[in-house]
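Single-letter residue listing:
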Amino acid sequence: MAETLINTILLTLLALTTIGVVRTRNLFSVVILAGIYSFLIASVMMVLDAVDVAMTEASVGAGISTVLLLSVLYLTKTHESVPIRTPLLPLFVAFGVGAMLIYGTVDLPPFGSAEQPINQHVGPDYLERSIPDTKVPNVVTTVLASYRGFDTLGETAVVFTAGIGVLMLLRRRKKKQDDEGGED
Amino acid sequence: MRLDVILRVITKLLLPFMVMFAFYVHFHGEFSPGGGFQAGVIIAAAVVFHALMFGLYPTQRMLPPWVVEMLVPLGVFIYVVVGIVTMMLGENFLGYNPLHPTKPYYGQERGIIWIEVGVLVTVASTMVAIFYAFAGRGRKP
């Protein structure tokens, strides 16, 4: 009962924040609202007992992304210009995709149902073997590092690749700017 | 000077605790939520916080961009080295059991800590490097 109440409040606030993000033209407010959105999602994850995910969401979504977006705002204008055309087609596409997604959830099994493949395949195995194998109480860590070390290596490589990509893009642009400055 | 002296002093007080908390999140990751990824983001947040308060150039004097860019591949390197070490000790790639001579679960613990160090280094330095790249561009006229 209490969980339903908390979920309802959190999801209502999420919807309100989303409307706020869409309606607001001041980009500074939009960035702050996006940070609030991340904190709300982190709270939802807490309610779902996914504390590790909540922590990641709070630190990445609300912390670093907010700062990066703010530093982008420092480089651009802080006010969103009014669109020239009325966004009817994007609105239609958004509603269509949303309706399809909701239609897709109709067939999904009830939340947390134990008979589903996702809760029967390797999950119970990890839960049973984790303590005897490693004596590490946090199963998330053992799955991440011990049983799925390869995947985490891939994940680290993805972060590395993304970082290198962003750096190369921004670096090249900066050099070009410097050259232009020299010509002027 | 302006009135932000309070903010600067508070920042100086807070920064050690932020980094300390990041290490707590890292080394306590086996017992509580968190791990290398979260700890890396917190360390990056501490560096960005420093840059926001004291300006980009003092931060870059403390942590030069070339060091940050060296650290980005170093994390992946540490991770792979752990895997190769376990292979040389006779286990599979990233099978941590032989990292401790007698007790396999201590080996697991060591393996987890070390690969998480790799994750931490890559994540933290990538975040800081992206921040440097953005913040170093300056406002366009």
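**Here we look at the overall build of chain A**
Summing up its helical and strand segments, chain A has seven helices and zero strands in all. Helices and strands in chain A line up, N terminus first, as α-α-α-α-α-α-α. The C-alpha atoms of chain A give 22 Å as radius of gyration, which overshoots the globular expectation for 184 residues (16 Å, by more than 25%). Structurally, chain A occupies a C-alpha span of about 70 × 40 × 25 Å along its principal axes. When the 184 residues of chain A are sorted by exposure, 17% land in the buried category. For chain A, the proportion of contacts with a sequence separation of at least 24, taken over those separated by at least 6, is 42%.

**Let's talk about the interface of chain A and chain B**
On the chain B side, the residues contacting the 39 residues of chain A number 43 residues. Ranked by the residues each element gives to the side of chain A that touches chain B, the list is headed by helix α7 (residues 149-183) of chain A, at 15 residues.

**Section: the packing of helix α3 (residues 51-75) of chain A against helix α5 (residues 104-135) of chain B**
Running from amino to carboxyl end, α3 of chain A crosses α5 of chain B at an angle of 15°, the nearest separation of the two axes being 9 Å. One element, α3 of chain A, and the other, α5 of chain B, form an angle in the roughly parallel class. Of the two elements, α3 of chain A crosses α5 of chain B, and the hand of that crossing is left-handed. Residue-level inspection shows I64, V67, L68, S71 and V72 of chain A of α3 of chain A in contact with α5 of chain B, the latter providing M127, I130, F131, F134 and A135 of chain B.

**Some remarks on helix α2 (residues 27-47) of chain A**
Residue and element names in this part refer to chain A. Here α2 contains 21 residues, and its C-alpha end-to-end distance of 30 Å stays within 8% of the 30 Å for a straight helix at 1.5 Å per residue. Among all positions in α2, only V31, L33, G35, S38, L40 and A42 are buried. For α2, the elements touching its buried residues are α1 (2-23) and α3. D49 occupies a position one or two residues after α2 and carries a positive phi of about 70°.

**A closer look at the confidence of the model for chain A**
Looking at chain A as a whole, its pLDDT mean stands at 85, while 93% of the residues score no less than 70. For chain A, per-element mean pLDDT is lowest for α7 of chain A, which scores 75, and highest for helix α4 (residues 88-106) of chain A, which scores 93.

**Here we look at the packing of α3 of chain A against helix α2 (residues 36-54) of chain B**
At their nearest, the axes of α3 of chain A and α2 of chain B sit 10 Å apart, and the two run at 25° to each other. When the axes of α3 of chain A and α2 of chain B are compared, the pair comes out roughly parallel. Crossing geometry of α3 of chain A relative to α2 of chain B is assigned as left-handed. Every residue of α2 of chain B that contacts α3 of chain A at M55, T56, S59, V60, G63, I64 and V67 of chain A is listed here: F37, Q38, V41, I42, A44, A45 and V48 of chain B. Of the residues belonging to the contact of α3 of chain A with α2 of chain B, the class tally is 10 nonpolar, four polar and no charged.

**Comments concerning the environment of I19 of chain A**
Tracing the backbone shows I19 of chain A in helix α1. When the C-alpha positions of I19 of chain A and L33 of chain A are compared, they lie 9.9 Å apart, and in sequence the two are 14 residues distant.

**A closer look at unusual backbone geometry**
The phi dihedral of D49 of chain A is positive, around 70°, even though this residue is not glycine. One can find D49 of chain A in the loop between α2 and α3. For D49 of chain A, a count of 9 C-beta atoms within 10 Å gives the class exposed. Non-glycine residue L94 of chain B carries a positive phi angle of around 65°. With respect to the helices, strands and loops of the structure, L94 of chain B is situated in the loop between α4 (65-88) and α5. The class of L94 of chain B is buried, set by 23 C-beta atoms lying within 10 Å.

**Topic: the nonpolar core**
Residues V41, A44, M127 and V128 of chain B are the most contacted members of the largest nonpolar core, which totals 44 residues. Where this core is concerned, the elements lending two or more residues are α3, α6 (139-147) and α7 of chain A together with α1 (5-27), α2, α4 and α5 of chain B. Considering each element in turn, this core owes the most residues, 15 residues, to α5 of chain B.

**Details of α3 of chain A**
Counted at 1.5 Å a residue, the expected span for α3 of chain A with its 25 residues is 36 Å, and the 35 Å between its end C-alpha atoms agrees. Of all the bends in α3 of chain A, the greatest, near 30°, is centred on S65 of chain A. Against the buried residues of α3 of chain A lie α2 of chain A together with α2 and α5 of chain B.

Cut-offs used in this document
Counting from 1, residues in each chain are numbered in the order their sequence is written. All chains are assigned letters beginning with A, and all ligands numbers beginning with 1, in the order in which they are written. This being a predicted model, a pLDDT of at least 70 is required before a residue's local features are given, and a value of 80 or more before pairs of side-chain atoms are given or counted; all residues contribute to the totals for chains, interfaces and linings. A run of H or I in DSSP counts as a helix once it spans at least four residues, and a run of E counts as a strand once it spans at least two, with each numbered from the N terminus. The atom set for the radius of gyration is the C-alpha atoms, and the globule formula is 2.2 Å times the number of residues raised to the power 0.38. To assign burial, the other C-beta atoms lying within 10 Å of each residue's own C-beta are counted, with C-beta atoms placed from the backbone; 20 or more indicates buried, 12 or fewer indicates exposed, and intermediate counts indicate partly exposed. Working definition of a contact: two residues with C-beta atoms, positioned from the backbone, lying within 7 Å. In this description, a line fitted to the C-alpha atoms serves as the axis of each element, helices being fitted only across the stretch in contact, and the angle between N-to-C directions of two axes falls anywhere from 0 to 180 degrees. An angle counts as roughly parallel when it lies under 35 degrees, as roughly antiparallel when it exceeds 145, as roughly perpendicular when it falls between 65 and 115, and as oblique in every other case. Crossing chirality is assigned from the near helix's rotation relative to the far helix, an anticlockwise turn below a right angle marking it left-handed and a clockwise turn marking it right-handed. Working rule for helices: expected span equals 1.5 Å times residues minus one. Per-residue confidence from the predictor is reported as pLDDT, a score between 0 and 100. Each residue gets one of three labels, nonpolar for Ala, Val, Leu, Ile, Met, Phe, Trp, Tyr, Cys and Pro, charged for Asp, Glu, Lys and Arg, and polar for the others, Gly among them. The nonpolar core is taken to be a set of buried Ala, Val, Leu, Ile, Met, Phe, Trp, Tyr and Cys residues joined by way of C-beta atoms within 7 Å. Here the bend at a residue is taken as the angle between two axes, fitted respectively to the seven residues that end there and the seven that start there.

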